[in-house]
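# Coordinate inspection notes
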Amino acid sequence: MKISARNVLKGKVVSVEKGATTAHVKIEVAPGQVVTAAITNDSVDALKLGVGSDAYAVVKASDVMVAVD
């Protein structure tokens, strides 16, 4: 994966809570340090995110995106 964002935090998904259209994905980036991202349910499915998945929290401005290899 190549991305221009400077703030990329590798971690493991510890929680995925889907709502009507938006999901909250929690990624543990260090022991006891969790970043939460709000992404679409379609993105959760496309990235095949689930508890235990390796993922990246990509921080750009005030938004947090999720990326996977």
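How each quantity is defined
- Residues numbered from 1 in each chain as written.
- Predicted model: local features only at pLDDT ≥ 70, side-chain atom pairs only at ≥ 80, totals over all residues.
- Heavy atoms only, no water.
- Core = buried A, V, L, I, M, F, W, Y, C linked by side-chain atoms within 4.5 Å.
- Buried < 20%, exposed > 50% of the residue type's maximum accessible area, 1.4 Å probe, protein only.
- Helix = DSSP H or I, 4+ residues; strand = E, 2+ residues; numbered from the N terminus.
- Salt bridge = Lys/Arg side-chain N within 4 Å of Asp/Glu carboxyl O.

It is worth spelling out the nonpolar core at this point. One finds V13, A23, V25, I27, V35, A37, I39, V44, L49, A55, A57 and V66 forming the largest nonpolar core, which totals 12 residues. Mapped by element, the contributors of at least two residues to this core are strand 2 (22-30), strand 3 (33-40) and strand 4 (54-60).

Applying the stated criterion across every chain yields a total of 2 salt bridges. Across the salt bridge formed by K12 and D54, the nearest N and O atoms sit 2.6 Å from each other. With K12 in strand 1 (residues 7-18) and D54 in strand 4, the pair connects residues that are 42 residues apart, well separated along the chain. With a relative accessible area of 42%, K12 lands in the partly exposed category. Among the salt bridges present, the one from D45 reaches K18, with a minimum N-O distance of 2.6 Å. Of this pair, D45 sits in helix 1 (residues 41-46) while K18 sits in strand 1, placing them 27 residues apart in sequence.

Of note in this structure, K48 is not a glycine but carries a positive phi near 55 degrees. The residue K48 is located in the loop between helix 1 and strand 4 in this model.

Read these as layout, nothing more, since geometry by itself doesn't imply function.
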